[in-house]
Amino acid sequence: MKTVIYIEDGIQQIILQPENEFERNILRVIKERENKVEFYYGSFGLCEGGWVRRYDQYGNESYDKRSLILVIKEWIEKEKKQ
């Protein structure tokens, strides 16, 4: 998936351009459901199982903050009422 950050006239956009059917399907699912997006700073670290995300907002050891992590969660009715 190609990713572009585009800024013009004070509007900031993150553009995700899928490169195959798998990626198109992921974007379709994200677009079709109601979502809540959370933003975190953190980094990715290599572990025995592969790449894993690590946040430093949760009291874990402090990792560098080079990456902006967008967490997309389905917005359920219970959260809507709060």
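Refer to the structure printed above.
Residues numbered from 1 in each chain as written. Predicted model: local features only at pLDDT ≥ 70, side-chain atom pairs only at ≥ 80, totals over all residues. Heavy atoms only, no water.

Colleague: Mind showing me how you'd approach the pairing of strand β1 (residues 2–8) here?
Modeller: Consecutive side chains along a regular strand alternate between the two faces of the sheet. Little of β1 sits out of view: just 0 of its 7 residues are buried. From the end of β1 to the start of strand β2 (residues 11–17), which pair antiparallel, there are 2 residues, and Asp-9 there has a positive phi angle of about 55 degrees. (Buried < 20%, exposed > 50% of the residue type's maximum accessible area, 1.4 Å probe, protein only. Helix = DSSP H or I, 4+ residues; strand = E, 2+ residues; numbered from the N terminus. Pairing = 2+ DSSP bridges.)

Colleague: Would you mind going over helix α1 (residues 21–32) with me for this structure?
Modeller: A turn of α-helix holds 3.6 residues, and therefore any two residues three or four places apart point the same way. For α1, spanning 12 residues, the distance from its first C-alpha to its last is 16 Å, which sits close to the expected 16 Å at 1.5 Å a residue. Of the residues flanking the start of α1, the one acting as N-cap is Asn-20, its side-chain oxygen 3.1 Å from the backbone nitrogen of Phe-22. (Expected span 1.5 Å × (residues − 1). Polar contact = N/O pair within 3.5 Å; in protein donor to acceptor, adjacent residues only side chain to side chain.)

Colleague: How should I be thinking about a nonpolar patch on the surface in this particular structure?
Modeller: A contiguous nonpolar patch, built from Met-1, Ile-5, Ile-7, Ile-14, Leu-16, Val-37, Phe-39, Tyr-41, Leu-68, Leu-70 and Ile-72 and spanning about 1,000 Å² of accessible area, is present on the exposed surface. The set of elements that each furnish at least two residues to the nonpolar patch consists of β1, β2, β3 (35–47) and β5 (67–74). Note on placement: Met-1 falls in the segment before β1. Exposure remark for Met-1: the relative accessible area of 33% places this residue in the partly exposed category. (Patch = residues over 30% accessible without salt bridge, like charges linked within 9 Å, V, L, I, M, F, W, Y side chains within 5 Å. Areas by Shrake-Rupley, 256 points an atom, 1.4 Å probe, with all protein chains shown as cover. Salt bridge = Lys/Arg side-chain N within 4 Å of Asp/Glu carboxyl O.)

Colleague: Whenever I open this one, the pattern of salt bridges confuses me. Can you help?
Modeller: Side chains bearing opposite charge may pair, as long as their charged atoms lie close to each other. For the structure on display, the rule yields 6 salt bridges. With a shortest N-O distance of 3.4 Å, Lys-73 and Glu-38 are connected by a salt bridge. Residue Lys-73 is located in strand β5, and its partner Glu-38 is located in strand β3; the two are separated by 35 residues in the primary sequence. Assessed through its relative accessible area of 36%, Lys-73 is described here as partly exposed. With a relative accessible area of 17%, Glu-38 lands in the buried category. Members of the salt-bridge network, linked through shared partners, are Glu-21, Arg-24 and Arg-28.

As far as function goes, none of this settles anything; it's purely spatial.
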